[in-house]
Amino acid sequence: MKVGRSSGVLLHITSLPGRFGIGDLGPDSRNFVDFLQHAKQKLWCVLPLAPSGEENSPYRSPSAFAGNSLFVSPELLQEHGYVSKKDLRFQPRGSSSKVDFPSVRIFKERLLQKAFLQFTETNDYSAFARKNSWWLDRYALFMALKEANDGATWPQFAPQIRPNPATIRFHKFVQYEFFRQWHALHSYCKARNISIMGDMPFYIEHDSADVWSNPDLFDLRKNGDPATVGGVPPDYFAKDGQLWGTPTYDWNNLQKTDFKWWIDRFRAAFETVDLLRLDHFRGFESFWSVPAKERTARNGHWKKGPGARLFETLHKKLGAVPIVAENLGIITPEVEALRRRFQFPGMAVLQFGFDEEGAHRPNNYVRELVCFTGTHDNDTTSGWWRNLRESARTHPSDRDVVNRIKSFMQTDGREIHWSCIQAVLTSVADVAVVPMQDILGLGSEARMNLPGKAKGNWGWRLTNSQLNRASVERLRDLTIVSGRF
């Protein structure tokens, strides 16, 4: 699938508006699609759809294949007859612009349990369970075992403890509901000529159904604990690097299976989204391997990944699939050669474009590129600009960056977010993506994630009042004159 010259908006499902404390797949998701359509956008970019893991990160999941139960819409459950209007009474803690994950989890778990009690298996459910049994059975069993073992990690599962069969059925029901609602939303997008760009994490969480059921595919000790974990060395985002704690892969064993787990993962992803951003693409060429005992990522080393062998197998099994390679950070000629060999467009992030090299500056863009004002890992454009100007008062290097930005954008800094949006939309890059926070001109309080910060991420939410006509019209007009409609 080739999108052509187009633009889109980055907004994760959790960040959608709504009255249940977190974004979901219900009516407000369709309202956002209508916003995209009116603004002449062709892409909706989301973060991983899998269950979120430690500290609510969508990049740390107990499954590579399951959907996030927090996204299931209470209103659609009521519409389907599983719950009553009375069951939907919920007052989330905190503000409407921030997710309170603990209270939301309690509410959604109770609501889904009530829905499950009213559920009877249908032909549609049976077809879903049969089609997805290859991952669904193991996932539901894993989650039931975790509950039976009081939340212990899988290496500590007691062999004599057996899972509750009703719990297994409950988790299958939740996945059925998630995918039923997701595919309905996906169809709503397709009917409006809007494609969804998903996001695939490179690693999978150690305490996951995938590692538990496929231990030979990962670098583990005999007791099941990780021997080495993934991350990245010190970089722009973190002076000690990033230590993710996720086990690295045993690529030799994966190759012996003809990369079956990965091919299954890609196949499932493309049944869910239209395009796929491969997070940490450089890991396929070489990955940063850190002994699991280390407390930072400093003492790791690079090891070779599968390289072209995996993507040759992918092409043979699935054909030419629409992939975007996240090639940010420490990128070597070997990584770029791998990306170009399979004609995967790379990424550029405008906020990185004003160092002396200027590789991420729009005058250096090419057509085969997806450009962003910023990603989920960046500050918002307005927050970035404010912090940069403050730093420029005492740091000459940042003062130079500020001057480059002013000169390139021909701006005094007022409405810097729209100057940056205009820069990426009018660039030659085939695809331009703007986080919703930048369209609204929000500051650092609306940042989605700060790499290296363990707590307090992923919570920002859009409110219905912010989806105003002025934002629609300004984005639409700029999209039209940029030839991206």
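Worth saying up front: this structure is predicted, and the values here are computed from it rather than measured.

Student: Got a minute to help me understand the packing of helix H3 (residues 101–118) against helix H6 (residues 165–191) in this structure?
Tutor: The description of two packed helices rests on the angle between their axes and on the distance between the axes. Between H3 and H6, whose axes approach to 10 Å, the crossing angle comes to 100 degrees. It follows from the interaxial angle that H3 and H6 lie roughly perpendicular. For the pair H3 and H6, contact is made by Glu109, Leu112, Gln113, Ala115 and Phe116 and by Ala166, Arg169, Phe170, Phe173 and Val174, respectively. Of the residues in the contact of H3 with H6, the class split is 7 nonpolar, 1 polar and 2 charged.

Student: Can you help me understand H3 in this one?
Tutor: Turn by turn, an α-helix covers 3.6 residues, leaving residues three or four places apart pointing in a common direction. The terminal C-alpha atoms of H3, which comprises 18 residues, lie 26 Å apart, in line with the 26 Å expected from a rise of 1.5 Å per residue. All of the buried residues in H3 are Phe101, Ser103, Val104, Phe107, Lys108, Leu111, Leu112, Ala115 and Phe116. Turning to H3, the residues buried within the fold contact helix H2 (74–79) and H6.

Student: Just to check I follow, could you spell out the pairing of strand E7 (residues 286–291) for this structure?
Tutor: A regular strand places its side chains on the two faces of the sheet in alternate fashion. Counting buried residues in E7 gives 5 out of 6 residues, a clear majority hidden from the surface. Here strand E4 (residues 228–232) runs beside E7; their pairing, made up of 4 bridges, is antiparallel. Pairing of Gly230 across the sheet is with Ser289, part of E7. Pairing analysis gives 4 bridges linking E7 to strand E8 (residues 301–304), with the strands arranged antiparallel.

Student: Which parts of the structure should I look at to understand the packing of aromatic side chains?
Tutor: Geometry of an aromatic ring pair is reported as the spacing of the ring centres plus the angle between the planes. Summed over all chains, the structure comprises 50 aromatic pairs. Taking 6.0 Å as the distance between ring centres and 45 degrees as the angle between the ring planes, the aromatic pair formed by Phe142 and Phe157 counts as tilted. On the criterion of sequence distance, the pair formed by Phe142 in helix H5 (residues 133–148) and Phe157 in the loop between H5 and H6 is long-range, its members being 15 residues apart. Residue classification places Phe142 among the buried positions, given a relative accessible area of 0%. Using a relative accessible area of 14% as the deciding quantity, one classes Phe157 as buried. When the centroid spacing of 6.2 Å and the interplanar angle of 40 degrees are considered together, the rings of Phe202 and Trp262 count as tilted. Of the two residues, Phe202 is situated in the loop between strand E3 (195–200) and helix H7 (209–213) and Trp262 in helix H9 (residues 260–270); the sequence distance between them amounts to 60 residues. Assessed through its relative accessible area of 2%, Phe202 is described here as buried. Geometry around Tyr188 places Arg192 over its ring, the cationic atom sitting 3.5 Å from the centre. When the ring centre of Trp302 is taken as origin, the NZ or CZ atom of Arg282, which lies over that ring, is 4.0 Å away.

Student: Would you take a moment to explain the environment of Lys114 for this structure?
Tutor: One can find Lys114 in helix H3. Note on Lys114: relative accessible area 42%, which makes it partly exposed. Those residues within four positions of Lys114 in sequence are excluded, and the remaining contacts are Tyr82, Val83 and Asp87.

Student: How do you make sense of helix H10 (residues 308–318) when you look at a structure like this?
Tutor: Regarding H10, the residues found buried are Ala308, Leu310, Phe311, Thr313 and Leu314. Of the surrounding secondary structure, the elements contacted by the buried residues of H10 are H9, strand E6 (275–278), strand E9 (323–325) and helix H11 (333–341). At the C-terminal side of H10, Gly319 shows a positive phi close to 85 degrees.

Student: Would you take a moment to explain unusual backbone geometry for this structure?
Tutor: Its identity as a non-glycine residue notwithstanding, Phe259 has a phi of 55 degrees, on the positive side. In this structure, Phe259 sits in the loop between helix H8 (251–256) and H9. Its identity is not glycine, yet Gln410 carries a phi of approximately 50 degrees, on the positive side. Mapping Gln410 onto the fold places it in the loop between helix H13 (396–409) and helix H14 (416–425). Under the relative-accessibility criterion, Gln410 is labelled exposed at 67%.

Student: Explain the sheet that holds strand E11 (residues 369–372) here, please?
Tutor: The strands making up a sheet associate through backbone hydrogen bonding, with each pair oriented either parallel or antiparallel. Ordered in space as E9-E6-E3-E2-E1-E12-E11-E10, the 8 strands form an open sheet in which the pairing is parallel. For this open sheet the edge positions go to E9 and strand E10 (346–349), each flanked by a neighbour on one side alone. Averaged over neighbouring strand pairs, the angle between their axes works out to 25 degrees when direction is ignored. Where strand E1 (residues 6–10) and strand E2 (residues 43–45) come together, 3 bridges link them in parallel fashion. Bridge assignment links Gly8 to a residue of E2, and that residue is Leu43. Where H9 meets the sheet, its contacts fall on E3, E6 and E9, and the angle it forms with E6 comes to roughly 135 degrees.

Student: So what exactly am I meant to see when it comes to the nonpolar core here?
Tutor: Most often, soluble globular proteins keep nonpolar side chains buried together rather than apart. The biggest cluster of nonpolar side chains holds 145 residues, and the ones touching the most others in it are Phe32, Trp44, Tyr249, Trp262, Phe311 and Met436. At 10 residues, the largest contribution of residues to this core is made by H6.

Student: So what exactly am I meant to see when it comes to a nonpolar patch on the surface here?
Tutor: Together, Ile480, Val481 and Phe485 line one region of the surface with nonpolar side chains, adding up to about 310 Å² of accessible area. Tracing the backbone through its elements, the reader meets Phe485 in the segment after helix H16 (469–481). Take Phe485: its relative accessible area is 52%, and that puts it in the exposed class.

Reading guide: rules and limits
- Residues numbered from 1 in each chain as written.
- Predicted model: local features only at pLDDT ≥ 70, side-chain atom pairs only at ≥ 80, totals over all residues.
- Heavy atoms only, no water.
- Axes fitted to C-alpha atoms, helices over the stretch in contact; angles between N-to-C directions.
- Helix = DSSP H or I, 4+ residues; strand = E, 2+ residues; numbered from the N terminus.
- Parallel < 35°, antiparallel > 145°, perpendicular 65-115°, else oblique.
- Contact = heavy atoms within 4.5 Å.
- Nonpolar A, V, L, I, M, F, W, Y, C, P; charged D, E, K, R; others polar.
- Expected span 1.5 Å × (residues − 1).
- Buried < 20%, exposed > 50% of the residue type's maximum accessible area, 1.4 Å probe, protein only.
- Pairing = 2+ DSSP bridges.
- Phe/Tyr/Trp six-rings, centres within 6.5 Å; stacked < 30°, edge-to-face > 60°.
- Lys NZ or Arg CZ within 6 Å of the ring centre and 35° of its normal.
- Core = buried A, V, L, I, M, F, W, Y, C linked by side-chain atoms within 4.5 Å.
- Patch = residues over 30% accessible without salt bridge, like charges linked within 9 Å, V, L, I, M, F, W, Y side chains within 5 Å.
- Areas by Shrake-Rupley, 256 points an atom, 1.4 Å probe, with all protein chains shown as cover.
- Salt bridge = Lys/Arg side-chain N within 4 Å of Asp/Glu carboxyl O.

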